Amino acid sequence: MQSSNFTRSIRTQALGLVGWLLLTFAAAALGAIASVDAAVFYAKLIKPSWAPPASLFGPVWSILYLLMGVAVWLVWREPQATKQALELFVVQLSINALWSWLYFVWQLGAWSFVGVLLLLLLIVATLFSFWKIRRMAGVLMIPYLLWVGFAAVLTWTTWQSNPMFL
(Lines give C-alpha, C1' and ligand atoms only; values in the text may rest on other atoms or scores of the structure.)
Protein backbone atom coordinates (compact mmCIF):
# COMPACT_ATOMS: atom_id res chain seq x y z
CA MET A 1 0.00 0.00 0.00
CA GLN A 2 2.75 2.41 0.89
CA SER A 3 4.56 1.92 -2.46
CA SER A 4 1.29 2.72 -4.28
CA ASN A 5 1.07 6.07 -2.48
CA PHE A 6 4.73 6.72 -3.20
CA THR A 7 4.27 5.92 -6.91
CA ARG A 8 1.26 8.17 -7.13
CA SER A 9 3.25 10.92 -5.45
CA ILE A 10 6.09 10.52 -7.94
CA ARG A 11 3.59 10.55 -10.82
CA THR A 12 2.01 13.72 -9.45
CA GLN A 13 5.43 15.32 -9.05
CA ALA A 14 6.41 14.36 -12.59
CA LEU A 15 3.17 15.72 -14.01
CA GLY A 16 3.71 18.91 -12.04
CA LEU A 17 7.21 19.29 -13.46
CA VAL A 18 5.95 18.71 -17.00
CA GLY A 19 3.10 21.17 -16.47
CA TRP A 20 5.33 23.95 -15.16
CA LEU A 21 7.88 23.37 -17.90
CA LEU A 22 5.11 23.45 -20.52
CA LEU A 23 3.79 26.74 -19.14
CA THR A 24 7.27 28.24 -19.03
CA PHE A 25 8.17 27.13 -22.53
CA ALA A 26 4.75 28.26 -23.82
CA ALA A 27 5.73 31.78 -22.72
CA ALA A 28 9.08 31.23 -24.43
CA ALA A 29 7.24 30.23 -27.60
CA LEU A 30 5.11 33.39 -27.50
CA GLY A 31 8.29 35.43 -27.20
CA ALA A 32 9.91 33.39 -29.96
CA ILE A 33 7.02 34.12 -32.32
CA ALA A 34 7.71 37.81 -31.80
CA SER A 35 11.41 37.19 -32.32
CA VAL A 36 11.18 35.42 -35.69
CA ASP A 37 12.79 38.37 -37.45
CA ALA A 38 14.76 39.52 -34.41
CA ALA A 39 18.18 38.72 -35.90
CA VAL A 40 17.47 40.90 -38.94
CA PHE A 41 16.17 43.74 -36.78
CA TYR A 42 19.02 43.37 -34.26
CA ALA A 43 21.60 43.49 -37.09
CA LYS A 44 20.23 46.91 -38.19
CA LEU A 45 20.69 48.44 -34.75
CA ILE A 46 23.63 50.47 -33.54
CA LYS A 47 24.82 48.36 -30.62
CA PRO A 48 27.47 48.87 -27.96
CA SER A 49 30.71 46.91 -28.32
CA TRP A 50 29.69 44.71 -25.39
CA ALA A 51 26.41 43.60 -27.00
CA PRO A 52 26.29 39.83 -27.52
CA PRO A 53 25.78 38.37 -31.00
CA ALA A 54 22.19 37.53 -31.92
CA SER A 55 23.10 33.82 -32.03
CA LEU A 56 23.72 33.82 -28.25
CA PHE A 57 20.22 34.83 -27.20
CA GLY A 58 18.41 31.59 -28.12
CA PRO A 59 20.70 29.23 -26.18
CA VAL A 60 20.87 31.53 -23.16
CA TRP A 61 17.10 31.96 -23.01
CA SER A 62 16.55 28.21 -23.40
CA ILE A 63 18.70 27.54 -20.34
CA LEU A 64 17.02 30.33 -18.39
CA TYR A 65 13.52 29.05 -19.18
CA LEU A 66 14.54 25.57 -18.05
CA LEU A 67 15.91 26.96 -14.78
CA MET A 68 12.72 29.01 -14.25
CA GLY A 69 10.52 25.98 -14.89
CA VAL A 70 12.44 23.87 -12.40
CA ALA A 71 12.41 26.72 -9.85
CA VAL A 72 8.64 27.16 -9.96
CA TRP A 73 8.18 23.39 -9.77
CA LEU A 74 10.37 23.24 -6.66
CA VAL A 75 8.17 25.88 -5.05
CA TRP A 76 4.91 24.31 -6.21
CA ARG A 77 5.75 20.98 -4.59
CA GLU A 78 6.43 22.51 -1.18
CA PRO A 79 3.60 22.37 1.37
CA GLN A 80 4.20 26.02 2.29
CA ALA A 81 3.99 27.18 -1.35
CA THR A 82 1.82 30.26 -1.56
CA LYS A 83 -0.62 31.27 -4.23
CA GLN A 84 1.12 34.67 -4.30
CA ALA A 85 4.51 33.13 -5.15
CA LEU A 86 3.05 31.09 -8.00
CA GLU A 87 1.01 34.04 -9.29
CA LEU A 88 4.10 36.28 -9.22
CA PHE A 89 5.87 33.71 -11.35
CA VAL A 90 3.05 33.63 -13.91
CA VAL A 91 2.82 37.43 -14.04
CA GLN A 92 6.55 37.89 -14.57
CA LEU A 93 6.48 35.16 -17.21
CA SER A 94 3.72 37.06 -19.04
CA ILE A 95 5.69 40.32 -18.95
CA ASN A 96 8.72 38.40 -20.20
CA ALA A 97 6.78 37.22 -23.26
CA LEU A 98 5.32 40.70 -23.80
CA TRP A 99 8.77 42.31 -23.92
CA SER A 100 9.69 40.57 -27.19
CA TRP A 101 6.56 41.99 -28.80
CA LEU A 102 7.26 45.49 -27.49
CA TYR A 103 10.83 45.49 -28.73
CA PHE A 104 10.98 43.36 -31.88
CA VAL A 105 7.49 43.56 -33.38
CA TRP A 106 6.12 46.91 -32.29
CA GLN A 107 9.59 48.50 -31.94
CA LEU A 108 8.57 50.64 -29.00
CA GLY A 109 11.83 51.60 -27.34
CA ALA A 110 10.43 53.48 -24.35
CA TRP A 111 7.77 50.85 -23.66
CA SER A 112 10.34 48.08 -24.06
CA PHE A 113 12.49 49.76 -21.44
CA VAL A 114 9.53 50.24 -19.07
CA GLY A 115 8.59 46.60 -19.67
CA VAL A 116 12.05 45.30 -18.86
CA LEU A 117 12.19 47.42 -15.68
CA LEU A 118 8.81 46.03 -14.62
CA LEU A 119 10.08 42.55 -15.42
CA LEU A 120 13.16 43.13 -13.25
CA LEU A 121 10.99 44.19 -10.30
CA LEU A 122 8.73 41.16 -10.74
CA ILE A 123 11.73 38.82 -10.97
CA VAL A 124 13.14 40.25 -7.74
CA ALA A 125 9.78 39.79 -6.01
CA THR A 126 9.47 36.25 -7.39
CA LEU A 127 13.03 35.38 -6.40
CA PHE A 128 12.51 36.55 -2.80
CA SER A 129 9.16 34.81 -2.63
CA PHE A 130 10.70 31.58 -3.92
CA TRP A 131 13.72 31.95 -1.62
CA LYS A 132 11.46 31.96 1.45
CA ILE A 133 9.73 28.78 0.34
CA ARG A 134 12.63 26.81 -1.15
CA ARG A 135 16.08 28.39 -1.22
CA MET A 136 17.23 26.39 -4.26
CA ALA A 137 14.31 27.79 -6.26
CA GLY A 138 15.53 31.29 -5.46
CA VAL A 139 19.07 30.34 -6.46
CA LEU A 140 17.80 29.03 -9.81
CA MET A 141 16.23 32.43 -10.50
CA ILE A 142 19.50 34.35 -10.01
CA PRO A 143 20.90 33.78 -13.54
CA TYR A 144 17.57 34.98 -14.95
CA LEU A 145 17.71 38.13 -12.82
CA LEU A 146 21.28 38.83 -13.92
CA TRP A 147 20.50 38.28 -17.60
CA VAL A 148 17.40 40.48 -17.51
CA GLY A 149 19.43 43.15 -15.70
CA PHE A 150 21.91 42.98 -18.54
CA ALA A 151 19.02 43.05 -21.03
CA ALA A 152 17.66 46.19 -19.36
CA VAL A 153 20.96 48.00 -19.91
CA LEU A 154 21.10 46.72 -23.50
CA THR A 155 17.48 47.79 -24.09
CA TRP A 156 18.22 51.30 -22.80
CA THR A 157 21.41 51.57 -24.84
CA THR A 158 19.91 50.34 -28.10
CA TRP A 159 16.80 52.49 -27.63
CA GLN A 160 18.91 55.61 -27.06
CA SER A 161 21.26 54.79 -29.96
CA ASN A 162 18.50 53.99 -32.47
CA PRO A 163 15.74 56.60 -32.36
CA MET A 164 15.02 55.85 -36.03
CA PHE A 165 14.11 52.21 -35.22
CA LEU A 166 12.93 52.25 -31.60
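Sequence order as written defines the numbering, with residues in each chain counted from 1. Local features in this predicted model are restricted to residues of pLDDT 70 or higher, and side-chain atom pairs are both shown and tallied only at a pLDDT of 80 or more, whereas totals for entire chains, interfaces and linings draw on every residue. To obtain the side-chain values, all non-hydrogen atoms of the structure were included, while hydrogens and water were left out.

Some remarks on helix 4 (residues 83-105)
Then, in step 1: Helical segments are the DSSP runs of H or I of at least four residues, strand segments are the runs of E of at least two, and each set is numbered from the N terminus. One fewer than the residue count of a helix, multiplied by 1.5 Å, yields its expected span. An ideal rise of 1.5 Å per residue puts 33 Å on 23 residues; helix 4 measures up with 33 Å between its terminal C-alpha atoms.
Then, in step 2: Just beyond helix 4, the residue with positive phi is glutamine 107, at close to 50°.

Some remarks on the environment of alanine 32
Then, in step 1: Mapped onto the fold, alanine 32 is located in helix 1 (residues 2-34).
Then, in step 2: Note on exposure labels: buried denotes an accessible area under 20% of the residue type's maximum, exposed denotes more than 50%, and partly exposed covers the range between, all computed with a 1.4 Å probe on protein chains only. Using a relative accessible area of 42% as the deciding quantity, one classes alanine 32 as partly exposed.
Then, in step 3: With 65 residues separating them along the chain, alanine 32 and alanine 97 place their C-alpha atoms 8.3 Å apart.

A few points about the environment of valine 36
Then, in step 1: Its place among the elements puts valine 36 in the loop between helix 1 and helix 2 (38-44).
Then, in step 2: The class for valine 36 is exposed, based on a relative accessible area of 62%.

Topic: the confidence of the model for the protein chain
Then, in step 1: When pLDDT is averaged along the protein chain, the result is 94; 95% of the residues meet or exceed 70.
Then, in step 2: Taken as a whole, residues 1-5 scores under 50 in pLDDT and shows 0 contacts with residues more than four places along the chain or in a different chain. As a per-residue measure, pLDDT tells how confident the predictor is, with possible values from 0 to 100. Note on contacts: a residue pair qualifies if any of its non-hydrogen atoms lie within 4.5 Å across the two residues.

Concerning the pattern of salt bridges
Then, in step 1: We define a salt bridge as a contact between a side-chain nitrogen of Lys or Arg and a carboxyl oxygen of Asp or Glu at a distance within 4 Å. Taken as a whole and judged by the stated rule, the model has 2 salt bridges.
Then, in step 2: In this structure, the salt-bridge partner of arginine 134 is glutamate 78, at a minimum N-O distance of 3.2 Å. Taken together, the residues arginine 134 in the loop between helix 5 (109-133) and helix 6 (135-161) and glutamate 78 in the loop between helix 3 (54-76) and helix 4 connect sequence positions 56 residues apart.
Then, in step 3: The class for arginine 134 is partly exposed, based on a relative accessible area of 26%.
Then, in step 4: Residue glutamate 87 is joined to lysine 83 by a salt bridge in which the shortest nitrogen-to-oxygen separation is 3.7 Å. Of this pair, glutamate 87 and lysine 83 both sit in helix 4, 4 residues apart, roughly one helical turn.

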